[in-house]
Amino acid sequence: MPLLDLKQFSSELAVRRNKAAMLLTTDLREQHACAAQLATAIGAPHLDVLDAFQADASLSDRLAAFSPDDFLALVAARTAQPLVVVSGVEFLLAAWLCQGETKQVKRDFCFKLEHWENKPAFILVAQHDPVFIGYKPHRHSGFSVMELSEVKSFT
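This structure is a prediction, so every number in the text was calculated from the model and none was measured. (Residues numbered from 1 in each chain as written. Predicted model: local features only at pLDDT ≥ 70, side-chain atom pairs only at ≥ 80, totals over all residues. Heavy atoms only, no water.)

A. Representation of the overall build of the protein chain within the structure. Helix and strand content of the protein chain: eight helices and five strands. Starting at the N terminus and walking to the C terminus, you meet the elements of the protein chain as α-β-α-β-α-α-α-β-α-α-β-α-β. Its C-alpha atoms give the protein chain a radius of gyration of 14 Å, near enough to 15 Å, the size a compact globule of 155 residues would have. For the protein chain, the spread of C-alpha atoms along the principal axes amounts to about 40 × 30 × 30 Å. Looking at the protein chain as a whole, 45% of its 155 residues are labelled buried. A sequence separation of at least 24 residues applies to 78% of the contacts in the protein chain between residues at least 6 apart. Between the averaged position of the 15 positive side-chain charges in the protein chain and that of its 18 negative side-chain charges there is a distance of 6 Å. (Helix = DSSP H or I, 4+ residues; strand = E, 2+ residues; numbered from the N terminus. Rg over C-alpha atoms; globule rule 2.2 N^0.38 Å. Buried < 20%, exposed > 50% of the residue type's maximum accessible area, 1.4 Å probe, protein only. Contact = heavy atoms within 4.5 Å. Lys, Arg positive; Asp, Glu negative; His and termini not counted. Charge placed at Lys NZ, Arg CZ, Asp CG, Glu CD.)

B. Expanded view of the nonpolar core. Among the nonpolar cores identified, the biggest contains 31 residues, and Met22, Phe71, Val86, Phe109, Leu113, Phe122 and Leu124 are the most heavily contacted of them. Taken together, the elements giving at least two residues each to this core come down to strand 1 (20-25), helix 3 (49-55), helix 5 (68-77), strand 3 (83-87), helix 6 (90-97), helix 7 (102-114) and strand 4 (121-127). Ignoring sequence-local partners within four residues, the contact set of Leu113 consists of Asn18, Ala20, Met22, Phe71, Leu72, Phe122, Leu124 and Phe143. Judged by nonpolar contacts, the second largest core, of 19 residues, contains Leu13, Leu38, Ala44 and Val125. (Core = buried A, V, L, I, M, F, W, Y, C linked by side-chain atoms within 4.5 Å.)

C. The arrangement of the packing of aromatic side chains in detail. The final tally for this structure, using the stated rule, is seven aromatic pairs. Here Phe53 and Phe66 contribute two aromatic rings whose centre-to-centre distance is 4.9 Å and whose plane-to-plane angle is 85 degrees, an arrangement assigned as edge-to-face. One end of the pair, Phe53, is in helix 3; the other, Phe66, is in the loop between helix 4 (57-61) and helix 5, and 13 residues separate them in sequence. Across the pair, Phe66 and Phe53 agree in class, each one buried. Their ring planes at 50 degrees and their centres at 6.4 Å tell us that Phe109 and Phe132 sit as a pair that is tilted. Here Phe132 lies in helix 8 (residues 130-133) and Phe109 lies in helix 7, a separation of 23 residues in the sequence. Of the two residues, Phe109 and Phe132, neither departs from the other in class, the shared state being buried. (Phe/Tyr/Trp six-rings, centres within 6.5 Å; stacked < 30°, edge-to-face > 60°.)

D. Examining the side chain of Ser10 more closely. Note on placement: Ser10 falls in helix 1 (residues 6-13). Apart from the residues within four sequence positions on either side, Ser10 is in contact with Ile42, Leu83 and Ile123.

E. Representation of the packing of helix 6 against helix 7 within the structure. Close contact between helix 6 and helix 7 brings their axes to 9 Å; oriented N to C, the two are set at 130 degrees. Classed by the angle they form, the pair helix 6 and helix 7 counts as oblique. Seen along the crossing, helix 6 lies across helix 7 with a hand that is right-handed. Note on element contacts: helix 7 touches helix 6 through Thr102, Val105, Lys106 and Phe109, opposite Leu93, Trp96 and Leu97. When its residues are assigned to classes, the contact of helix 6 with helix 7 shows five nonpolar, one polar and one charged. (Axes fitted to C-alpha atoms, helices over the stretch in contact; angles between N-to-C directions. Parallel < 35°, antiparallel > 145°, perpendicular 65-115°, else oblique. Left-handed = near helix turned anticlockwise from the far one by under 90°. Nonpolar A, V, L, I, M, F, W, Y, C, P; charged D, E, K, R; others polar.)

Purely geometric numbers; function is a separate question.
Below, the structure is given as structure tokens:
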């Protein structure tokens, strides 16, 4: 199977009905740099959610009650661009996992991403997870969960 061209994919993502995708990395320490490089390569802003929480006390104060819907609202509120690369979501996932059964919480999050039809379109760069990679779309067959090893180099 040929490697996916993320530059072409991202331009298509911005005009699709479903406007979210996941790119999974194996090295959590390199995730921020990978997302920043991808953002530069496709000409999109980079939103690191962890950085946003660290910089904004009002966000940090809401962490215990911050939901996947709040995450999507945050992404929508932080940029007027048609496309954004998002990273640093693992601490939110950890908080959400404390509130439910692990696999179901992850599947529910994927479901929310699959059904994202608002602006901006975004690629969420996240830590590799077997539940994420195994997610089967319910509505949008084009919803993409990709491994970094499946894409062309964008650096």
